[in-house]
Amino acid sequence: MGKNLKMKSVRVHKDMTQADLAARVGVTRQTINAIENGDYNPTINLCIDICRTLDVTLDDLFWKEENDE
Amino acid sequence: MNKKYDERQRWINYRLSHHALIIVFVLLLVNGLVRSSFEVTWAAPMAETFVLIALPTLYYITRSLFQGAYVGRRETYGKNGLAFAFIALIFLGVFIASGDAFIADGQLAQDSVLLLAGIFFAYITVLHGVKYFSENKRV
């Protein structure tokens, strides 16, 4: 599983730290870090919460084209 | 659903619990084989039980802590560490005050549990300390 650079990019663009995003979606900072590093595959519910917090769609953050791998 | 931990923490803790259970099975099997095959008694019953429980517990706590899954969302490494330090000091203090032997008749003595428990909680305190400083350094 590769790094989720899209999520990191959107979060930084929104001027949020990992801790800020974690607090908003109700998880630990380490969980956000693990998702961005590709070490943890979040459930669809957490994906939706993250997308709502960052004002983006699931496709924007989590959809992978075949050549993304 | 357990709200104390987030979904990644629960997933890690389930996985590590499974590993710890396997370690318990292996330790019990090895201990049983040693005791029955070689007729070796290496510890008093309570000390033996403590060691067999402590080893998988330490495995679980160490890995869970360093994967950020042991401390819940509303807890802090500092507070938890202080609580464990207090418990460690009580056990070590009672052991030192009692003046009991750690090893008697070539095996772990009954009262060695106090020292072992003290070391057990001191180790957990150190782990919390390491995590506390590494987390604060990161922020």
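Up top is the structure.
Presented here is an overview of the structure given in this document. As the structure is a computational prediction, the values presented were derived from the model and not from experiment.

Helix and strand content of chain B: four helices and two strands. Seen in sequence order, chain B has helices and strands lined up from the N terminus as α-α-α-β-β-α. Projected onto its principal axes, the C-alpha coordinates of chain B cover approximately 50 × 35 × 25 Å. With 139 residues in all, chain B has 38% of them scored as buried.

Residue and element names in this part refer to chain A. With respect to the helices, strands and loops of the structure, Met7 is situated in helix 1 (residues 5-13). By relative accessible area, which is 0% here, Met7 ends up buried. When the C-alpha atoms of Met7 and Gly26 are compared, they prove to be 17 Å apart, with 19 residues separating the residues in sequence. Setting aside anything within four residues of it in sequence, one finds Met7 in contact with Leu21, Ile32, Ile35, Glu36, Ile50, Leu54, Leu61 and Phe62.

Residues and elements named next belong to chain A. By the secondary structure assignment, Asn4 is in the segment before helix 1. Using a relative accessible area of 12% as the deciding quantity, one classes Asn4 as buried. A distance of 3.4 Å separates a polar side-chain atom of Asn4 from the backbone oxygen of Leu61. The residues touching Asn4, leaving out its near neighbours within four places in the chain, are Ile35, Glu36, Leu61 and Phe62.

Reading guide: rules and limits
- Residues numbered from 1 in each chain as written.
- Chains lettered and ligands numbered in written order.
- Predicted model: local features only at pLDDT ≥ 70, side-chain atom pairs only at ≥ 80, totals over all residues.
- Heavy atoms only, no water.
- Helix = DSSP H or I, 4+ residues; strand = E, 2+ residues; numbered from the N terminus.
- Buried < 20%, exposed > 50% of the residue type's maximum accessible area, 1.4 Å probe, protein only.
- Contact = heavy atoms within 4.5 Å.
- Polar contact = N/O pair within 3.5 Å; in protein donor to acceptor, adjacent residues only side chain to side chain.

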